Amino acid sequence: QVQLVESGGGLVQPGGSLRLSCAASGFSLDRYYNIAWFRQAPGKEREGVSSISLSDDSTFYSNSAKGRFTISQDSAKNTVYLQMNGLKPEDSAVYFCAADELLDYGMGYSNLRPAYFKYWGRGTQVTVSS
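Residues numbered from 1 in each chain as written. Predicted model: local features only at pLDDT ≥ 70, side-chain atom pairs only at ≥ 80, totals over all residues. Heavy atoms only, no water.

Q: Let's hear about the overall build of the protein: which residues, and what values?
A: When helices and strands are tallied, the protein shows 0 helices and 11 strands. Secondary structure elements in the protein, listed N-terminal to C-terminal, are β-β-β-β-β-β-β-β-β-β-β. Computed over the C-alpha atoms, the radius of gyration of the protein is 14 Å, within 12% of the 14 Å expected from 2.2 N^0.38 for a compact globule of 130 residues. When its C-alpha atoms are laid out on the principal axes, the protein stretches across 45 × 25 × 25 Å. Residue burial in the protein is summarised as follows: out of 130 residues, 42% are buried. In the protein, the share of contacts with a sequence separation of at least 24, taken over all contacts with a separation of at least 6, comes to 60%. Total accessible area on the protein stands at roughly 7,000 Å², and carbon and sulfur atoms take up 47% of it. (Helix = DSSP H or I, 4+ residues; strand = E, 2+ residues; numbered from the N terminus. Rg over C-alpha atoms; globule rule 2.2 N^0.38 Å. Buried < 20%, exposed > 50% of the residue type's maximum accessible area, 1.4 Å probe, protein only. Contact = heavy atoms within 4.5 Å. Areas by Shrake-Rupley, 256 points an atom, 1.4 Å probe, with all protein chains shown as cover.)

Listed below in structure tokens is the structure:
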């Protein structure tokens, strides 16, 4: 029942910024959720970038994202954002948002694996190039 739709991808120059959005719908009131951003470049494994707990706002960032990217939520809009600054060519990838679905309140993730997440958007392309 959960649906996730990403937007905000595009072409940006190195050093530029982009804000990705993940609009969510269909959350159950008796469940708990974390939303994560993953990315996948051609021929590469899908890697976790960042996550946020919708319950307590706790966040996780990969080493590559730390200091450059910021994840946030707007609960009124049911939307999670990924603000990406100082973009590098190696950030180029399809970016996916994903949601888990937990029976109990959790404290968020200290690492990200795709298998943790039940629901996925279709992805949005980010290309960092001159």
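Moving on from the coordinates now.
Q: Requested: an account of the pairing of strand E3 (residues 18-25), with residues and values cited.
A: Within a regular beta strand, the side chains point alternately toward one face of the sheet and then the other, so they alternate between its two faces. Bridging between strand E1 (residues 3-7) and E3 involves 5 bridges; their strand directions are antiparallel. Across the sheet, Ser-7 pairs through a bridge with Ser-21, a residue of E3. The sheet contact formed by E3 and strand E8 (residues 79-84) spans 6 bridges and is antiparallel. Bridging from a neighbouring strand, Cys-22 pairs with Val-80 of E8. (Pairing = 2+ DSSP bridges.)

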